[in-house]
Amino acid sequence: MNESVAARLLIVDDEAALMTALCKTLELEGYVTTGFTSAREALKLLGEREFDILLTDLMMPEMDGIALIDAARQIDPELCAIVMTGHGTIDTAVLAMQRGALDYI
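Residue indices follow the written sequence of each chain, beginning from 1 at its first position. Confidence filtering applies because this is a predicted model: local features only for residues at pLDDT of at least 70, side-chain atom pairs given and counted only at 80 or more, and all residues used for totals across whole chains, interfaces and linings. Hydrogen atoms and water are omitted, and side-chain values are computed over all heavy atoms in the structure.

> Would you explain the pattern of salt bridges in this entry?
Note on pairing: side chains with opposite charge can pair once their charged atoms come close. Only one rule defines a salt bridge in this text: a Lys or Arg side-chain nitrogen within 4 Å of an Asp or Glu carboxyl oxygen. All told, the structure shown has four salt bridges when counted by the stated rule. A salt bridge links Lys44 to Glu41; its shortest N-O distance comes to 3.2 Å. Of the two residues, Lys44 and Glu41 are both situated in helix α2 (residues 39-46); the distance of three residues between them amounts to about one turn of the helix. Of the charged contacts, one joins Asp70 and Arg99 as a salt bridge, the two residues approaching to 2.6 Å between their closest N and O atoms. Of this pair, Asp70 sits in helix α3 (residues 65-75) while Arg99 is found in the loop between α4 (90-98) and β5 (101-104), placing the two residues 29 residues apart along the sequence. Helix and strand labels come from DSSP, where a helix needs a run of H or I of at least four residues and a strand needs a run of E of at least two; each type is numbered from the N terminus.

Take a look at the structure:
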């Protein structure tokens, strides 16, 4: 029997309602989600637990998504990251991809 293991997603968005909605929606799709409104709190947990993918908002007050990817990849160099934003530009998309983001949406 081939048992599939659900991907573990670390979701960071400073808007609590959006973070919660994303966590709940992705859980319905079979993912294991852990959400934070604080990038620093997310980094603390990343030092303690393994995740497969980091989904992060681009624009956040204490640390932007690109800085979060940099810090997260210092902890786990294999971590995949996806940047989400409603305020994207070509420059931020290129920078996110250069810093190791798998995708930019």
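The rest of the description comes next.
> In this structure, what is going on with the side chain of Thr34? I would like to understand it.
Assignment of secondary structure puts Thr34 in strand β2 (residues 32-36). For Thr34, a relative accessible area of 14% puts it in the buried group. Every residue in contact with Thr34, bar those within four places of it in the chain, is listed here: Leu9, Leu10, Ile11, Cys23, Leu45, Arg49 and Phe51. Any residue under 20% of the maximum accessible area for its type is buried, any over 50% is exposed, and the rest in between are partly exposed; the area is computed with a 1.4 Å probe on protein chains only. Residue contacts are counted whenever heavy atoms from the two residues lie within 4.5 Å of one another.

> I would appreciate a short explanation of α2 in the present structure.
Each α-helix turn comprises 3.6 residues. Residues three or four places apart therefore point the same way. Inspection of α2 places Ala39, Ala42, Leu43, Leu45 and Leu46 among the buried residues, and these make up the whole buried set. Each buried residue of α2 sits inside an arc of 160 degrees when the element is viewed along its axis, so together they form one side. For α2, the elements touching its buried residues are β1 (8-12), β2 and α3. The N-capping residue of α2, defined by a side-chain oxygen 3.4 Å from the backbone nitrogen of Arg40, is Ser38. Taken from the helix axis, the directions to the C-beta atoms give the arc we talk about. Between N or O atoms, a polar contact is any pair within 3.5 Å; within protein, one atom must be a potential hydrogen donor and the other a potential acceptor, and residues adjacent in sequence are included only when both atoms are from side chains.

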